[in-house]
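# Close look at the chain arrangement
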Amino acid sequence: MSHPFKNPNFRTYLIARLFGALGSYMMEVALMWWALEATGRNDSVAWVALTMSIVGTLASPFGGVLADRANKVGLASVGYALSMVAPATAAALLLSGHLSFGLVVAIVAIDNLISSFFAPANNALGPLLLTKEQYSQGVAMTQGMSKLLRMASMPLGGMLVAGLGVAPTLLVTASVYLVAATIVRFVEEPRVGYAVSDSGTGDEGGAAAGYGSVKAEARKSLREQWIDPMVATVRMLFSVPLLAAALFMVGLLNFILSPIGVMMAPYAKSLGSGAEGYGLLLAGITAGELLGYAVFTTFRSSRSLPYILGGSMLMGLSIGALAWATNLIPAVVALGLAGLGAVAVGVHLDALAIKVIPKEFMGRAISMIGVLLNGLGPLGLVAAGFALRTLSFATIFAVISGSLIVASLLWLWPPIALAVGAAESAPVETDDAAEATAAKTA
């Protein structure tokens, strides 16, 4: 079985995604900096970020439903093309002297509404271009390159803003989106079933298939067209034991790990360090994650359970070590190991989930998983706020450590372990079959 990057269809898709991500991060830097400079208020950045988060969460499920009804390549290209509107509009308003903080919030809201609506089609397209044996490497490659790009594009955006100004940076961003929209059009989309009824039964068909004819589709109510498919998807996710276990585990990781970054600043102070120590702690996490992505992009394993169980244990033990650390160096090493464990768990859980999700459900399933899990991040931040007020760091890290170790034992429960084995032993496509599938267009 060849490496995913040797698949020209997936390679084209990945390059388009990287350009799209580059544009997103560059615009974020430009508009965040402008908001901070224009208002002189630190909380203005938080309001922009909050708007991005809320709008994206609301739009994603509807985009998932659309993704399973229509051509995903076309939707991805349209999404990138429409993403050009926000930076171009912001640049025009800024150059004409009419840009305001309120307009920035509105522009960001509309941009995230568009990108989140079309993102499920883009996200679901990747797995369809790979064979099941390539899923873990494909996931690791996509996530790892996105992580690297984020690290590179933030400073790049800052340099462009400093050297050219906000408006030129926004125009560069629009050009980058145009490149992404053009490249993704060269991806050949495999033929899959687009229609899924409320009962979860799919049937093969073209982009217009799904809920009958165009006239019948138009007669259906908002609930029948959009809400019922979302409800059916949630039921499907929780009715499959393996998916339910994966949701629980990844949800726990989001709940626990989202506050870790917030905790690092006061934790650095507790170790007698300052801002440089805070930066080193965050760098430790990132270094561990990048190492994990590099490892799992390069090497493929036929078994996921050892990595999920081992990664969970490694995270639990590493975070537990933070409770006993007395200086910066062991804390940085522990966080690096925790980042490595998180990637081991995340990559193999994602690959397992993709294997058992019906392809005709892929768009809405991925979008609903994101909505269900991303909602736990803010809850984790709230819990961290209360914990930092009332508990010591030793207690907080001990609780997190124990929770991760206990949760990891879920994967040894016989029904879950058997379900993992069944998913891994399912027939896989050969290279010839994968190439034939990739050559079919919807």
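Our subject is the structure that appears above.
Residues numbered from 1 in each chain as written. Predicted model: local features only at pLDDT ≥ 70, side-chain atom pairs only at ≥ 80, totals over all residues. Heavy atoms only, no water.

### Remarks on the environment of Gly 64
Note the following rule: For the purposes of this entry, the term helix denotes a DSSP run of H or I that reaches at least four residues, the term strand denotes a run of E that reaches at least two, and both are numbered from the N terminus.
Within the element layout of this structure, Gly 64 appears in helix 2 (residues 43-67). When the C-alpha positions of Gly 64 and Met 362 are compared, they lie 8.1 Å apart, and in sequence the two are 298 residues distant.

### A closer look at a nonpolar patch on the surface
Condition: Distance thresholds for patches are 9 Å for like charges and 5 Å for nonpolar side chains (Val, Leu, Ile, Met, Phe, Trp, Tyr), applied to residues having over 30% relative accessible area and no salt bridge. Note on areas: these come from Shrake-Rupley sampling with a 1.4 Å probe, and a residue is covered only by the protein chains present in the view. Whenever a carboxyl oxygen of Asp or Glu lies within 4 Å of a side-chain nitrogen of Lys or Arg, that contact is scored as a salt bridge. Three exposure classes are used, based on accessible area relative to the maximum for each residue type with a 1.4 Å probe and protein chains only: buried under 20%, partly exposed in between, and exposed over 50%.
On the surface, Phe 62, Ile 227 and Val 231 cluster together to form a nonpolar patch covering roughly 200 Å² of accessible area. With respect to the element layout, Val 231 can be found in helix 9 (residues 222-239). Residue Val 231 is classed as partly exposed on the basis of its relative accessible area of 34%.

### Some thoughts on the side chain of Glu 289
With respect to the element layout, Glu 289 can be found in helix 12 (residues 275-298). Residue Glu 289 is classed as buried on the basis of its relative accessible area, which comes to 17%.

### As for the packing of aromatic side chains
As a reminder of what qualifies: By convention, a stacked pair of Phe, Tyr or Trp rings (six-membered ring in the case of Trp) has centres within 6.5 Å and planes under 30 degrees apart, an edge-to-face pair has planes over 60 apart, and any other such pair is tilted.
Inspection of the entire model under this criterion finds six aromatic pairs. With a centroid separation of 5.9 Å and 40 degrees between ring planes, the pair formed by Phe 10 and Tyr 13 is classed as tilted. With a gap of three residues between them, Phe 10 and Tyr 13 both fall in helix 1 (residues 8-39), about one helical turn apart. You'll find Phe 10 and Tyr 13 in the same group, each marked buried. Clustering of aromatic rings is evident, with ring pairs tying together Tyr 267, Phe 393 and Phe 397.

### Some points on the packing of helix 10 (residues 241-257) against helix 17 (residues 393-408)
The test is simple: For helices, the axis comes from a line fit to the C-alpha atoms of the stretch in contact; other axes are also lines fit to C-alpha atoms, and the angle between any two N-to-C directions lies between 0 and 180 degrees. Roughly parallel means an angle under 35 degrees; roughly antiparallel means over 145; roughly perpendicular covers 65 to 115; every other angle is labelled oblique. The contact definition used throughout considers only heavy atoms, calling two residues in contact when any of these lie within 4.5 Å. Only Asp, Glu, Lys and Arg are considered charged, only Ala, Val, Leu, Ile, Met, Phe, Trp, Tyr, Cys and Pro nonpolar, and every remaining residue, Gly among them, polar.
Where helix 10 meets helix 17, the axes come as close as 11 Å, and the angle between the chain directions of the two elements is 170 degrees. The angle between the axes of helix 10 and helix 17 places the two elements in the roughly antiparallel class. The segment helix 10 lies against helix 17, with Phe 248, Met 249, Leu 252, Leu 253 and Ile 256 engaging Ile 400, Ser 403, Leu 404, Ala 407 and Ser 408. Class assignment for the residues of the contact of helix 10 with helix 17 results in eight nonpolar, two polar and no charged.

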